[in-house]
Amino acid sequence: MEYFVQQLINGLTLGSIYGLVAIGYTMVYGIIGMINFAHGDIFMLGGFAALIVFLILTSFFAGIPVALALLVMLIIAMLMTGLWNWVIERVAYRPLRGSFRLAPLITAIGMSIVLSNFIQVAQGPRNKPIPSLVSDVYHLGAVTVSLKQIIIVVVTAVLLSIFWYIVNKTPLGRAQRATEQDRKMAALLGVDVDRTISITFVMGAALAAVAGTMYLMYYGVASFADGFTPGVKAFTAAVLGGIGSLPGAVLGGLLIGLIESLWSAYFTIAYKDVATFAILAFVLIFKPTGILGRPEVEKV
């Protein structure tokens, strides 16, 4: 039983990271109906931004407290990835917004390749390790919970609450929901659609940067290839939970993390990804909108 509980904790931690990235996918899809396949690489950029900030801080301020270092890493990573995603939206996606639906998808895949190769050239192809930032461990009987696991789960819960409040209770959220329902009518009613979409991209990138920083803190290593597999799994989480739903994105992320963790614990680890995508296929066959998704109503 203790082993099962330990794997649940590990799965919730990993799923929280997937959930943070999945929120970015679901926000962009919800507002403009586009899958931003470069979002996984934005997550990877966030990890590298946090890594560079950490190296600079430890070079100039050797005795800086870990909490302050993590806070600075988070803030700068969020600012840098927000700027990156804002530029990507303005340069690569906005000019194609009125074109046929396949064009933005192809462009997103191209941007993913560009970002991955840019980091590979700029930072090198080798993994970049960092020392353990948070090493405190708590023992609850035979179950072990680390402080970094607690931080990741708490950060995910807090950010989900904040973003749910923004989307549902603020003027920006009303503008986002209006843009999601009907862009032309929202523009006629005074909503700055372009600005709203740009802010949505920045918000999604900020969440991806937080996830990238948490991933770096949890695993202690960054690689230019980190954007692909976690990005695909986060997209899977968004679809599984119901793409377009913020709670659905986090729920999907938690489920993907739990599936991976439990499968790796009780079966061969080589097939954990197969199990994840097989369960996704099973859910979509019987509930195509995902667990918390709502069917789209076609306007006529």
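This structure is a prediction, so every number in the text was calculated from the model and none was measured.

(A) Broad picture of the packing of helix H9 (residues 228-241) against helix H10 (residues 246-266). Relative to each other, H9 and H10 sit at 120°, their axes nearing to 7 Å. The angle between H9 and H10 falls in the class oblique. For the element pair H9 and H10, the recorded crossing hand is right-handed. The segment H9 lies against H10, with Lys233, Thr236, Ala237, Ala238, Leu240 and Gly241 engaging Gly248, Ala249, Gly252, Gly253, Leu255, Ile256 and Glu260. Along the lines of polarity and charge, the residues of the contact of H9 with H10 split into six nonpolar, five polar and two charged.

(B) Seen up close, a nonpolar patch on the surface. Together, Leu68, Leu71, Ile75, Ile76, Leu79, Met80, Trp84 and Phe118 give the surface a local cluster of nonpolar side chains, amounting to about 720 Å² of exposed area. The biggest single contributor to the nonpolar patch is helix H3 (residues 66-93), with seven residues.

(C) Structural context of the pairing of strand S2 (residues 137-140). Inspection of the sheet shows S2 paired to strand S3 (residues 143-146) by four bridges, in the antiparallel sense. Across the sheet, residue Leu140 finds its bridge partner in S3, namely Val143.

(D) Representation of the nonpolar core. With 75 residues, the main nonpolar core has Met73, Tyr93 and Leu133 as its most contacted residues. Per-element accounting of this core gives the leading share, 15 residues, to helix H8 (residues 193-219). In this view, Tyr93 contacts Met34, Asn36, Ala38, Ile88, Pro104, Thr107, Ala108, Met111 and Phe201; residues no more than four positions away in its chain are not counted.

(E) Broad picture of H9. Helix length check: H9 (14 residues) gives 20 Å between terminal C-alpha atoms against 20 Å at 1.5 Å per residue, within 8%. Burial of H9 is extensive: 10 of the 14 residues sit out of reach of the surface. Along H9, the residues classified as buried are Pro230, Gly231, Lys233, Ala234, Thr236, Ala237, Ala238, Val239, Leu240 and Gly241. Remark: Gly242 follows H9 within two positions and exhibits a positive phi of approximately 115°.

(F) Structural context of the packing of aromatic side chains. Following the criterion strictly, the structure yields 10 aromatic pairs and no others. With a centroid separation of 5.7 Å and an interplanar angle of 45°, the aromatic rings of Tyr93 and Phe201 are classed as tilted. Taken as a pair, Tyr93 in helix H3 and Phe201 in helix H8 lie far apart in primary sequence, 108 residues in all. Each member of the pair, Tyr93 as well as Phe201, carries the same accessibility label: buried. The interplanar angle of 50° and the centroid separation of 4.8 Å between the aromatic rings of Tyr215 and Tyr219 together place this pair among those described as tilted. Here the residue Tyr215 and the residue Tyr219 both occupy positions in helix H8, the gap between them amounting to four residues, near one helical turn. For Tyr215, a relative accessible area of 17% gives the class buried. Judged by relative accessible area, Tyr219 falls into the partly exposed class, the value being 41%. Here the aromatic residues Phe43, Tyr215, Tyr218 and Tyr219 are joined through ring pairs into a cluster of three or more.

Rules and cut-offs
Residues numbered from 1 in each chain as written. Predicted model: local features only at pLDDT ≥ 70, side-chain atom pairs only at ≥ 80, totals over all residues. Heavy atoms only, no water. Axes fitted to C-alpha atoms, helices over the stretch in contact; angles between N-to-C directions. Helix = DSSP H or I, 4+ residues; strand = E, 2+ residues; numbered from the N terminus. Parallel < 35°, antiparallel > 145°, perpendicular 65-115°, else oblique. Left-handed = near helix turned anticlockwise from the far one by under 90°. Contact = heavy atoms within 4.5 Å. Nonpolar A, V, L, I, M, F, W, Y, C, P; charged D, E, K, R; others polar. Patch = residues over 30% accessible without salt bridge, like charges linked within 9 Å, V, L, I, M, F, W, Y side chains within 5 Å. Areas by Shrake-Rupley, 256 points an atom, 1.4 Å probe, with all protein chains shown as cover. Salt bridge = Lys/Arg side-chain N within 4 Å of Asp/Glu carboxyl O. Pairing = 2+ DSSP bridges. Core = buried A, V, L, I, M, F, W, Y, C linked by side-chain atoms within 4.5 Å. Buried < 20%, exposed > 50% of the residue type's maximum accessible area, 1.4 Å probe, protein only. Expected span 1.5 Å × (residues − 1). Phe/Tyr/Trp six-rings, centres within 6.5 Å; stacked < 30°, edge-to-face > 60°.

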